[in-house]
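For reference, the chains in residue letters:
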Amino acid sequence: MEPILHGIILAFGLILPLGVQNVFVFTQGVMQPSVIRALPAAVTAAICDTILIMLASLGLSIIVLQFEWLRFVLLIGGIIFLIYMGFVIWRSNVTALDDKEALPIKKQIVFALSVSLLNPHALLDTIGVIGTNAVKYSGQEQWLFIFACILISWLWFFSLMTTGALLKKMQISSVIFTLFNKLSAIFIWGTAFYLFISLLK
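My aim in this report is to walk through the structure given alongside it, one point at a time. Since we're looking at a predicted model, the values are computed, not measured.

For the rest of this paragraph, the subject is the overall build of the protein chain. When helices and strands are tallied, the protein chain shows 9 helices and 0 strands. Entry remark: accessible area of the protein chain is about 10,600 Å², with carbon and sulfur atoms responsible for 74%.

So, in structure tokens, the structure goes:
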């Protein structure tokens, strides 16, 4: 029971703070015509987290962290994708939601992949925190810990997507959603700028 509780508490602690990944999944819940249409974003983000948690917990993350060039590539890729995604979210029109305005499946998947796998902060959280905590366990206990972390990740992203869709159905003023989009874009650009600064260090 301890590995499960440990995994749940740790995963919640890492995933609850506002991050680019959370903002994107929630935004898709709001922007898509139906909650089903927002599934690609939530499922992709959850699958990426699952892969990272597995790699980190099974010790492969130690190998990844040894390559400085990989960190540089991740930072550059993350900056480019975040800047682009910020522009897409900033320009999206909440007052005229239809198939043309909502992101298509392919773009949802690409963006979800970028904010999940090209975000050094997300990688370091998963590798540095979950990975180091996982070494406390072995055998069945380690797999219970991994399962708990992955379960929280999937539940969280589906909750974000559903919450966004429900808020839209409540017919809250489109001005509020437009403002949320603008703030989300600014937050994403701020993250890209922070990554750029970290490149110079």
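Having put the structure on the table, let's press on.
Here we take up the packing of helix 2 (residues 20-31) against helix 8 (residues 139-169). Packed helices, taken two at a time, are described by the angle between their axes plus the distance between the axes. Between helix 2 and helix 8, whose axes approach to 7 Å, the crossing angle comes to 40 degrees. Taken together, the axes of helix 2 and helix 8 lie oblique to each other. Where helix 2 crosses over helix 8, the handedness of that crossing is right-handed. In this structure, helix 2 contributes Gln21, Asn22, Val25, Phe26, Gly29, Val30 and Met31 to the contact, and helix 8 contributes Trp156, Phe157, Leu160, Met161, Thr163, Gly164, Ala165, Leu167 and Lys168. Tallied by class, the residues present in the contact of helix 2 with helix 8 amount to 10 nonpolar, 5 polar and 1 charged.

What follows covers a nonpolar patch on the surface. Together, Trp69, Phe72, Val73, Ile76 and Ile80 make up an exposed nonpolar region whose accessible area comes to about 520 Å². Mapped onto the secondary structure, Trp69 falls in helix 5 (residues 68-91).

What follows deals with the packing of aromatic side chains. This model, assessed by the stated rule, comprises 3 aromatic pairs. Their ring planes at 20 degrees and their centres at 6.0 Å tell us that Trp154 and Phe158 sit as a pair that is stacked. On the criterion of helical spacing, the pair formed by Trp154 and Phe158 is a turn pair, its members being 4 residues apart in helix 8. Owing to a relative accessible area of 26%, Phe158 belongs among the partly exposed residues under this scheme.

Considering the arrangement of structural elements, one finds Ala112 in helix 6 (residues 105-117). The class for Ala112 is buried, based on a relative accessible area of 0%. When the C-alpha atoms of Ala112 and Ala45 are compared, they prove to be 5.5 Å apart, with 67 residues separating the residues in sequence.

Here is what the cut-offs are and how they apply
- Residues numbered from 1 in each chain as written.
- Predicted model: local features only at pLDDT ≥ 70, side-chain atom pairs only at ≥ 80, totals over all residues.
- Heavy atoms only, no water.
- Helix = DSSP H or I, 4+ residues; strand = E, 2+ residues; numbered from the N terminus.
- Areas by Shrake-Rupley, 256 points an atom, 1.4 Å probe, with all protein chains shown as cover.
- Axes fitted to C-alpha atoms, helices over the stretch in contact; angles between N-to-C directions.
- Parallel < 35°, antiparallel > 145°, perpendicular 65-115°, else oblique.
- Left-handed = near helix turned anticlockwise from the far one by under 90°.
- Contact = heavy atoms within 4.5 Å.
- Nonpolar A, V, L, I, M, F, W, Y, C, P; charged D, E, K, R; others polar.
- Patch = residues over 30% accessible without salt bridge, like charges linked within 9 Å, V, L, I, M, F, W, Y side chains within 5 Å.
- Salt bridge = Lys/Arg side-chain N within 4 Å of Asp/Glu carboxyl O.
- Phe/Tyr/Trp six-rings, centres within 6.5 Å; stacked < 30°, edge-to-face > 60°.
- Buried < 20%, exposed > 50% of the residue type's maximum accessible area, 1.4 Å probe, protein only.

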